[in-house]
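Coordinates in review
Each chain, letter by letter, is given below.
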Amino acid sequence: MFKISLILLIAINILFSKEVLFNETKYIYALDNVFSKIGTLNIEESKVTLHYKNSDKNIIYTNENIQIITKQSTETFTHEESVEYNLFFQLVLGVYTNNTTLLNENFTIKNNDNTTTLLPNEYLSSVIENIEYEKNKDKLKYLKINFVNQDRITIEEIE
Amino acid sequence: MKRLSKYLNFIILFVLLAIFFASDVPNHISTQITSILPAGENKALLREFEKLNTNKQLFIAYKGEDKNTLNSLKKIEKQLLEHKNIDPITNSIINKEYEKKYYYLLHKFDEKKYDSLDIKQELTKIYQKIITSPFSFSLDTIDPLNLFEKNTILKSPYIKIENYGYITFLQLDKSVNSFVKYKEIYDLVQNLKQTDAKIEAFSTLFYFVENQEKIKSDVNIIITLALSVLFILYIVILRNFKLLVHTVTTLGSSVLFALVISAFIFDELSIFTVVFGISISTIAIDYMFHNYLHGYYEQRKPLNKDVFFGMSTTIGAFFILSFVDFSFIQQLTIFSISALLFSYIQFTFLFPYLNIKSTQSTYITKSRFTLKPIYITLVSVILIALAIPNIKIDFNIKNLDVENIELQSLDNFFNKYINKDKKTAVLLYGNSIEELVNNAHNLQTTYPKTKSALENIPTKNSFEKFDTRRFETLNQKLNTVTKEVGFRENLFHESYKLQSNLPQYTYQELQNFPIGKYKNLFISYAIVSNSDYDNIIKEPYIKTLSFKELFKKDLTKSLQSLQFLSIIALIFICVMLYIAVKNRFFQALNYILFPIALILLVSFFVELNILHIFMMIVLVSLSIDYGIYMNNTKLSSNTQKAIFYSLLSTFAGFGVLIFSKVNALFSIGLIATLGIVSLIILLLTHKVPR
C-alpha cells in the first residue's frame, strides 16, 4: 500500500512539475555592466524553486512563505517581508502558467501581436517602467523587465 | 373679501413657500455639529483646519487566513484605486522634485557613521548588494553612502494581522472635502462590502455620512410620531378636521417664516435649530386652543388677554435669552420668536374669519383630587434644594452627537493595528510662513513622535548651517574610488552637492504644503501623540483643534451670560405673572417651581448638558402660560381642557424627541416629557372653581 502511494505521489509530482532552464541577463546602469547567469525554475503544483548555477542558494516560493536555503542556513520570510522575491515569483508564475489573475494583481496587461506588455500599478511604478514578454506556445521566448533606474533584466528560456 | 379671508391661510403658506425656495433657504441648513459652535476665531480656525487636512485615509481589511486572502485584498484595493480621488498611500503630498532639491537639509545626518566612514569599503558593500539583488537595486545617487536617514523604497503596504487577515490603507485626495464627495466614497465602499462579507472598511468621513443618515431617519420617525399624536387629538378627540387643516397650515407657514428670517440673519443654520425650532413652533397651538375653546372664533370675541399675556411672556423670555453669546441659542431664540409671533397673529386675527365651529368633546373630566398649593411649593423647594448640589454640567459636545457604536468599533479596530500610538491634530501658527516652518521643526525636535508636513520644508537655519565644504570633500573622495570599485564613471558626480538656494517662504513656492491663512496668521497642523498632547498645547504657537475643547471653552464663556440672562428672564416672567394674576401669584408660581423641581431630578442620574438647561428655560416660559390661564379669576373647565389639548400637542412637538437616538434631541425630549408630566400633575391637582 505504501509503495503504491509513493509511486502515485511521484507520478502526480512529475505530471504537475515543470523544470525550466533559463538564461538571465541583467544590465545594471549604475555599474554600466551586463551580468549573465543560468538558472533553473522548478514549478510544482504548490511550490516554485529557483536556483542559479554556481550558487549554493535555493529559493523556494510557496503560498505560505519564501525560504532562502543555503548549506549553512535556512531563512524564512513572509511574502510581505520579501517583496522583491515575491514579485519575481508572482511574475514568473503568472507568465509561465498564463495566470492573468495573478498578473492583474500588480499589472495591467496589454497584448500586441505576439508580445505582451505589463504596465505596473501605481505602487510598483516607482520601480518598474514596464515588462515585455513573448511566448511560443508554453515556451518563453523572452521576458524583459525595464526598471525606472534604467536597469534591465532579460530572461530567455534555454532549449 | 370674505371669500379671500377663507383662503388667506393657504395663500400665505404658498407665498412663504415661494420665498423659502427663491431665497435658497435649504442651503443655509447645515448638518455639521460645528454649526452650533459660536461664530468666532476658534470656529474659523477649525474650518480652516478642515480645509487643510487633506490626509484623509481609507482603511481596508480583508478577513481570512487562507492563501487567497492577500490576493482578495489586492483586488479590492485595485477596484478602489480606479476611483479618481483614491490614491495609494505611497503618493506623498511632498513633491518629489522638491524633496530631491533639499534632501540634505531635510534628512537627519548620521555624524557617527560619517566619522567612521571608509568610502571604498562602503561602496564595495553596495556593489555586492547590487550584483546579488534578485531584482533591481534602487541605488540612491543623492546619498549613496546612506549618511542621511531615509525610508526603504519598496515597503509592503499590506499588514498581516494574526488570526484575522490583512489590512491596507489608501489615501483620499484634496478634492474629497464635501458631503457629496464623502457620500460618493462611502457608497463605493459599501457597494464593495456588499459583494463580499469579508471586507471591512473605515474612514473618519464615514461618520459624517452615517450620522447624517441617522439624524435624517430619526427626524423622519419623529415627524411621523408627532403627526400621529396631532391626528389623534384633532380627529379622534376634537373631531374637527377643518381646524386641523388650518392649524397645520398656520404651523407650516410659521416654520417657513421662521426659516426665512433665520436664514436671512444667520449664514449657517444648524439642523438642530431647525428640528428644535419646529418643535417650539407647535407651542403656538396653545394660543389656538384657548381662543377656540373659549369661543373666540365662533363668537368673534375681542382679544383674549390671557393668551396675549402668555405669548408676551414666552416671547419676552426668548428675547432676553437671544442675547446669550452662543450661536445655537441665538439661532433658536430668533427662530422661536419668529415662529411664535407669526402663529399668534394668525391664530388671533385670521382664525375668527375662518368660520370654525366649536365641537364639544366629553373626554376631559374634572379632577376630584386636589392639593393645597403650599404642599406643591414645599415639595418643589425641597427637591430643588436637593438637586442643586448634584448638578454637574457636561461640556462634551460629542455627547450630543449620534452615538455610532458600529463605526466606533471599526475605528478602534483599525486604530489598534495601524495607529498604535493614539494621535490628535493640533493647529500650528506663525506670523509668517518662515516662522510657521520654524515652529513645525521646533515642535518635531522637542516631541519626536510629532508629524507635520512642514518638516519637509527646510529652515533658514538648516541652510545656513549646512557645511558645504565638508560635503564637497566627501564628494571628491567618493568620485576618486567610484571607477575603482566598479561603478559607472561620474555616477556620483552630483552626490552630496547642495544645488539649491534657500527656499522662498511663499505660497507659490510651497503650494503643495498644507498652509492656510487666517487674518494675519499663517496656519498649518501637526499630528501629535496623545502622550505629548498636554505639554504640546502649552506651546505658544499651538492651538488645540479638539472640538470638545473648543466647545467647552466657548460654552464656559457663554454659560456666564446664559446664567445672568436666565435670571433676568425669570424676573421678567415673575413680573408678568404678578401683573396677570396678582393675589394668586404664589399659586401660579408653582407652575414654574414644580416643573423645575421635577426636571432637576435628572441631575441625580446624568450630567446636565446645554440642551437640558435650555429646554428647561423653554418649559418655564411655557408653564408660565398655564400658570396665568389656570389662575385667572374667570377660570373655566374649558381652560383646563385647552391646557390638556395643548400639552398633548406640545408632547407631539417636543416629547416625541425622547424617542430619538441623537443625544441632543433625546435630551430635549427627556426634559420636555418631564415638564409635561409635571404640568399634568399640577393640572390634575388644581382646584377648579365652580
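Note that the coordinates shown come from a computational prediction; the quantities given were computed from them, not determined experimentally.

Some details on the overall build of chain B
Scanning chain B for helices and strands turns up 25 helices and 11 strands. Relative to its 690 residues, chain B shows a buried fraction of 38%. Long-range pairs, those at least 24 residues apart, make up 81% of the contacts in chain B between residues at least 6 apart in sequence.

Some thoughts on the overall build of chain A
The helix and strand inventory of chain A stands at three helices and 11 strands. Along chain A, helices and strands appear, N-terminal first, in the series α-β-β-β-β-β-β-α-α-β-β-β-β-β. Looking at chain A residue by residue over its 159 residues, the buried ones come to 25%.

Some words on the environment of B:Leu478
All names here are of chain B. Note on placement: Leu478 falls in helix H19 (residues 468–485). For Leu478, a count of 21 C-beta atoms within 10 Å corresponds to the buried category. Separated by 14 residues in sequence, Leu478 and Phe492 place their C-alpha atoms 7.2 Å apart. Among all residues touching Leu478, those that are not within four sequence positions of it are Ile119, Phe492 and Ser495.

Quick notes on the nonpolar core
Residue and element names in this part refer to chain B. The biggest cluster of nonpolar side chains holds 115 residues, and the ones touching the most others in it are Leu321, Leu577, Met615, Met616, Leu619, Ile668 and Ile671. In terms of residue count, helix H23 (residues 610–630) provides more of this core than any other element does, 16 residues in total. Those residues within four positions of Ile671 in sequence are excluded, and the remaining contacts are Ile599, His612, Met615, Met616 and Leu619.

Digging into the sheet that holds strand E7 (residues 107–112) of chain A
All names here are of chain A. Pairing is antiparallel in the open sheet, where 11 strands are placed in the order E6-E5-E4-E3-E2-E1-E11-E10-E9-E8-E7. Looking at the sheet topology across the chains shown, the edges are occupied by strand E6 (74–77) and E7. Each strand axis lies, on average, 20° off the axis of its neighbour in the sheet, ignoring direction. Across four bridges, strand E5 (residues 66–69) lies against E6 in antiparallel orientation. Directly across from Ile69, in E6, lies its bridge partner Thr74.

Some points on the sheet that holds strand E8 (residues 423–430) of chain B
Residues and elements named next belong to chain B. Here four strands make up an open sheet; going across it, the order is E9-E10-E8-E11 and the pairing antiparallel. The sheet terminates laterally at strand E9 (516–518) and strand E11 (542–544), the two strands that pair on one side only. Across this sheet, the average inter-strand angle for adjacent strands is 45°, counted without regard to direction. Strand direction decides the pairing type here: E8 and strand E10 (residues 521–529), joined by eight bridges, are antiparallel. Bridge assignment links Ala425 to a residue of E10, and that residue is Ile527. Against the sheet, helix H2 (residues 41–52) contacts E8, E9, E10 and E11, and its axis sits at roughly 170° relative to E9. Lying on the sheet, helix H17 (residues 433–446) is in contact with E8 and E10; it crosses E8 at an angle near 145°.

A word on the interface of chain A and chain B
Counting residues at the interface gives 23 residues for chain A and 24 residues for chain B. With five residues, the top contributor of residues to the side of chain A that touches chain B is helix H2 (residues 83–96) of chain A.

Some details on the packing of helix H15 (residues 373–387) of chain B against helix H22 (residues 585–600) of chain B
Residue and element names in this part refer to chain B. Where H15 contacts H22, the axes come no closer than 8 Å and their chain directions differ by 35°. Relative to H22, H15 is oriented so that their crossing is left-handed. Only Phe586, Gln587, Asn590, Leu593, Phe594, Ile596, Ala597 and Leu600 of H22 make contact with H15, whose side of the interface consists of Pro373, Ile376, Thr377, Ser380, Val381, Leu383, Ile384 and Ala387. Its residues assigned to classes, the contact of H15 with H22 shows 12 nonpolar, four polar and no charged.

Looking at H17(B)
Two residues of an α-helix separated by three or four positions point the same way, owing to the 3.6 residues in each turn. Residue and element names in this part refer to chain B. With 14 residues, H17 should reach 20 Å at 1.5 Å per residue; the first-to-last C-alpha distance of 20 Å fits that figure. Within H17, the full set of buried residues consists of Ile433, Leu436, Val437, Asn439, Ala440 and Leu443. Axial view of H17: buried residues confined to an arc of 160°, hence all on one face. Those residues of H17 that are exposed and angled more than 90 degrees off the buried face are Thr445 and Thr446. As for H17, its buried residues are in contact with E8 and E10.

What to know about the pairing of E5(A)
Residue and element names in this part refer to chain A. As judged from the four bridges shared by strand E4 (residues 58–62) and E5, these two strands associate in the antiparallel manner. From the neighbouring strand, Ile59 faces E5, where its bridge partner is Ile68. The turn joining E5 and E6, which pair antiparallel and follow one another in sequence, is formed by four residues.

A closer look at the environment of B:Leu674
All names here are of chain B. Looking at the element boundaries, Leu674 is found in helix H25 (residues 663–685). Given 23 C-beta atoms within 10 Å, Leu674 falls into the buried group. The sequence separation of Leu674 and Ile599 amounts to 75 residues, and the corresponding C-alpha distance is 5.9 Å.

A few points about the packing of H22(B) against H25(B)
Residues and elements named next belong to chain B. Direction vectors running N to C along H22 and H25 enclose 135°, while the axes themselves pass 9 Å from each other. Taken together, H22 and H25 sit at an angle that is classed as oblique. The handedness of the crossing between H22 and H25 is right-handed. Along its contact with H22, which presents Asn590, Tyr591, Phe594, Pro595, Leu598 and Ile599, the element H25 presents Ile671, Leu674, Gly675, Val677, Ser678, Leu679 and Leu682. Counted by class, the contact of H22 with H25 contains 10 nonpolar, three polar and no charged residues.

Description of the environment of B:Lys108
Residue and element names in this part refer to chain B. Among the structural elements, Lys108 can be located in the loop between helix H5 (103–106) and helix H6 (111–115). A count of 9 C-beta atoms within 10 Å places Lys108 in the exposed class. Spatially, the C-alpha atom of Lys108 lies 5.4 Å from that of Phe148, the residues being 40 residues apart in sequence. Residues within four places of Lys108 in sequence aside, it is in contact with Phe148 and Glu149.

Side note on the confidence of the model for chain B
Residue-level pLDDT values for chain B average 81, and 90% of them are 70 or greater. The ipTM for the predicted assembly is 0.82, set against a pTM of 0.61.

With respect to unusual backbone geometry
For residues besides glycine, phi is generally negative; the peptide bonds are generally trans as well. Residue and element names in this part refer to chain B. Look at Asn490: it is not a glycine, yet its phi comes out positive at around 70°. Examined against the element boundaries, Asn490 turns out to sit in the loop between H19 and E9. A count of 10 C-beta atoms within 10 Å places Asn490 in the exposed class.

Definitions and limits used
- Residues numbered from 1 in each chain as written.
- Chains lettered and ligands numbered in written order.
- Predicted model: local features only at pLDDT ≥ 70, side-chain atom pairs only at ≥ 80, totals over all residues.
- Helix = DSSP H or I, 4+ residues; strand = E, 2+ residues; numbered from the N terminus.
- Buried ≥ 20, exposed ≤ 12 C-beta atoms within 10 Å, placed from the backbone.
- Contact = placed C-beta atoms within 7 Å.
- Core = buried A, V, L, I, M, F, W, Y, C linked by C-beta atoms within 7 Å.
- Pairing = 2+ DSSP bridges.
- Axes fitted to C-alpha atoms, helices over the stretch in contact; angles between N-to-C directions.
- Left-handed = near helix turned anticlockwise from the far one by under 90°.
- Nonpolar A, V, L, I, M, F, W, Y, C, P; charged D, E, K, R; others polar.
- Expected span 1.5 Å × (residues − 1).
- Arc of directions from axis to C-beta.
- Parallel < 35°, antiparallel > 145°, perpendicular 65-115°, else oblique.
- pLDDT = per-residue confidence, 0-100.

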